[in-house]
Amino acid sequence: MCGIAGFLRTSTLPDRENHHLWAERMGQAIVHRGPDANGIHIDQDVALVHQRLSILDLSAAGNQPMASSCGRYVIVFNGEIYNFRSLRTALEQDGVSFKTQTDTEVLLALYAKHGESCLRELNGMFAFAIWDTSAKSLFIGRDRLGKKPLYYTGTDGQFLFASEIKALFATPVVRPALRPDAIKDFFFYQYIPDPKTIYANVHKLPPGHCMEVCDGRISVRKYWNLSFKPVEGRTVSDIKAGLYDVIDEAVRLRMISDVPLGAFLSGGIDSSAVVGLMAGRSSQPVTTCTIGFDDKKFDEVNYADRVARQFETDHHVFTVKETVADNLVGISRFFDEPFADPSFVPTFFVSKLARTQVTVALAGDGGDENFAGYSKYRTDAIENRVRSLFPSALRHSLFPGLSRLAGHVPGPLGKKASSLLGTVALDPDLGFFTSNCFFNPRVWESVVSPEFAALTDDYDPADNTRQHYQEAPAEDHLSRILYTDIKTYLPGDILVKVDRMSMANSLETRAPLLDYRVVEYAAGIPSALKLKGKSKKHILKECFSDLLDEDILYRKKMGFSVPLAQWLRSEIRSIAEPLLTGPDSGLSLYFRMEQVRALWQAHISGDNRFTQELWSMVVFALWYQHYKDFIR
């Protein structure tokens, strides 16, 4: 796990005599991603920067940038290639010799032999850039699911790239304006979907894509997609056995490390299964780490303790208390664009705890998206079932009015009825977006400034969800929304959160359930075996019924939930209040501040209806304070 950056030294790039200094500053901006070593390759055409977190072959021979044996190619690489040993064996049989024990050298040799098609051979998490000194071209690849980030900017013949946007800002040439549509995206999604960033002319390379830059031309290509066509001719027993084997193999590959290795443990099925499989393959107790809260409604420590005792792990617990306020401002700086999933706070702390014990931690990320584990999938199934009972013309004409009437009924029943009727009135793709967006559209209309509303009125954030839903290679509704989440929520929210918070602590995280073979296998399982009645992740629970106790398999999911409403009123009120009520937080550029203050006063008085909207404004304002000086 590392940080990479670089730029092409084109004729339009100014200040050529200081390019080495630029490269040094880019590396320093992301030193937290790789504090063990740094390296720079610079020639007439390119500058490549690498910050190393040593995991395999800890010697200096594994440092980067690394040149191929023939000298034609130079690579900077962030991530891990889990099947590098088998790839190395095949290359050695073809006459390739190696000087190190790193996966970097294997990747470089594989590219030298196969070019772009090498991507199909890689099982791992990665973002890498390879400079071809002969063709004068730069090739960049990103892993299938988007575990590792890659940002780039390319205008006026200039091209720069980096693992994090802050490294681009370390040069004097990247000072972009903000994208109004991306700002609107943020408030509705709580992150900004790829390929956008909040900055104009700074882009994310989407997961499963590669790009080539040559002669001033940038070519972006998709090399992988996910099909949800069910595999025919298998019994449930066959599916369970195959699923267990593919996950077990994914865990095995991710236990290869030359540094201490452990796991995150929440006590849920995903992380518990990973820990159980690790324990079965380890001669020493597995090191496990979990996070607790003073508020028992959000605390999973007891479940994690039970799993730790079952598998006799070396278990460590951290309880989040007053440290939230002490650390929130500093933690938020690691996100170079606004990010509002509040579970980034416990993720930071569990990463910090884990780093005191290990350098690599396995995690259970991906289980919910692969096997329909979120409660929203069950809610959506109910909505879609009701939707199917009525003709679309009736739904579209009658239900919106009924929803508004139900909204006037006091209490939670009226709120639920209003939400159900309003969502059922919509088509399935738009209904899924509406049920799961994080800023109530009616609240948005009441607080957005007239100027920003006029600027973004013709843009609908729902278009991103609807596009993926409609393009999904799937036959049924559940498969389509799982595909949509794997293409949007997973890389835009979950994986960004884990990458930034673990890398902030120089910790590598690995997710066996996001092995692409696990993801493809899960996509071939019929939807009825994932969400079966009220049972979410049904087939995964069946798969691990002999490994885990029933009270772990079937307990209510909590994840990394946080007591957000309470935090805003107490622990972080001193941070939130000035941002939400003051004139200089950046919110006044987009919102009517008198309405924002009204929402805040309602929240302080005990009204929890606007918790997520207020939180998203707080983190937006924190981001703005951190990065406003880099904005044009």
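The preceding data block contains the structure.
Residues numbered from 1 in each chain as written. Predicted model: local features only at pLDDT ≥ 70, side-chain atom pairs only at ≥ 80, totals over all residues. Heavy atoms only, no water.

Student: Looking at this model, I keep getting lost on the overall build of the chain. Mind explaining?
Tutor: Within the chain, the secondary structure is distributed over 27 helices and 17 strands. A principal-axis box enclosing the C-alpha atoms of the chain has dimensions of 75 × 60 × 50 Å. A total of 632 residues make up the chain; the buried ones form 60% of that total. Accessible area of the chain: about 24,300 Å², with a carbon and sulfur share of 50%. Treating the 71 positive side-chain charges of the chain as one cloud and the 76 negative ones as another, the clouds have centres 2 Å apart. (Helix = DSSP H or I, 4+ residues; strand = E, 2+ residues; numbered from the N terminus. Buried < 20%, exposed > 50% of the residue type's maximum accessible area, 1.4 Å probe, protein only. Areas by Shrake-Rupley, 256 points an atom, 1.4 Å probe, with all protein chains shown as cover. Lys, Arg positive; Asp, Glu negative; His and termini not counted. Charge placed at Lys NZ, Arg CZ, Asp CG, Glu CD.)

Student: I tried to follow unusual backbone geometry on my own but got confused; where do I start?
Tutor: Glycine aside, residues mostly have negative phi, and peptide bonds are mostly found in the trans state. With omega at 0 degrees, the peptide bond leading from Gln64 into Pro65 counts as cis. By the element assignment, Pro65 lies in the loop between strand S3 (46-52) and strand S4 (66-67). A cis geometry characterises the amide bond from Asp194 onward to Pro195, with omega recorded as 5 degrees. Along the chain, Pro195 falls in the loop between helix H5 (180-189) and strand S10 (203-204). Phi is positive for Lys537, close to 55 degrees, though the residue is something other than glycine.

Student: Mind showing me how you'd approach the pattern of salt bridges here?
Tutor: A pair can form between side chains of opposite charge whenever their charged atoms are brought close. Tallying each qualifying case throughout the model produces 32 salt bridges. Its salt-bridge partner being Arg33, residue Glu164 comes within 2.9 Å of it at the nearest N-O pair. Of the two residues, Glu164 is situated in the loop between strand S9 (158-162) and helix H4 (165-169) and Arg33 in the loop between helix H1 (19-29) and strand S2 (37-42); the sequence distance between them amounts to 131 residues. Grouping residues by exposure puts Glu164 and Arg33 together as buried. A salt bridge links Asp607 to Arg609, with the shortest nitrogen-to-oxygen separation between them at 2.7 Å. Arg609 gets classed as exposed once you look at its relative accessible area, which sits at 54%. Linked by salt bridges that have partners in common, Arg33, Lys148, Glu164, Lys166, Asp336, Asp499 and Arg500 make up one network. (Salt bridge = Lys/Arg side-chain N within 4 Å of Asp/Glu carboxyl O.)

Student: For this particular structure, what's the right way to read the sheet that holds strand S17 (residues 508-510)?
Tutor: As summarised here, the arrangement of the five strands in space is S15-S14-S13-S16-S17, forming an open sheet in which the pairing is parallel. In the strand order of this sheet, the two ends are held by strand S15 (314-320) and S17, each with one partner. On average, adjacent strands in this sheet sit at an angle of 30 degrees to one another, irrespective of strand direction. Sheet topology note: the strand S16 (residues 360-362)/S17 ladder contains three bridges and is parallel. Along S17, the bridge assignment pairs Val360 with Glu508. Here helix H7 (residues 269-281) sits on the sheet in contact with strand S13 (261-264), strand S14 (287-293) and S16, set at roughly 155 degrees to S13. (Pairing = 2+ DSSP bridges. Axes fitted to C-alpha atoms, helices over the stretch in contact; angles between N-to-C directions. Contact = heavy atoms within 4.5 Å.)

Student: Looking at this model, I keep getting lost on a nonpolar patch on the surface. Mind explaining?
Tutor: A grouping of Leu389, Phe390, Leu394, Leu398, Leu402 and Leu405 is seen on the molecular surface, where their side chains present a nonpolar patch of about 530 Å² in accessible area. Examined against the element boundaries, Leu398 turns out to sit in helix H13 (residues 392-406). Under the relative-accessibility criterion, Leu398 is labelled partly exposed at 40%. (Patch = residues over 30% accessible without salt bridge, like charges linked within 9 Å, V, L, I, M, F, W, Y side chains within 5 Å.)

Student: Sorry if this is basic, but what is going on with the side chain of Ser535 here?
Tutor: With respect to the helices and strands, Ser535 occurs in the loop between helix H21 (516-523) and helix H22 (538-543). A relative accessible area of 17% means that Ser535 is categorised as buried. At 3.5 Å, the side chain of Ser535 forms a polar contact with the side chain of His538. Contact partners of Ser535, with chain neighbours within four places excluded, come to Lys530 and Lys541. (Polar contact = N/O pair within 3.5 Å; in protein donor to acceptor, adjacent residues only side chain to side chain.)

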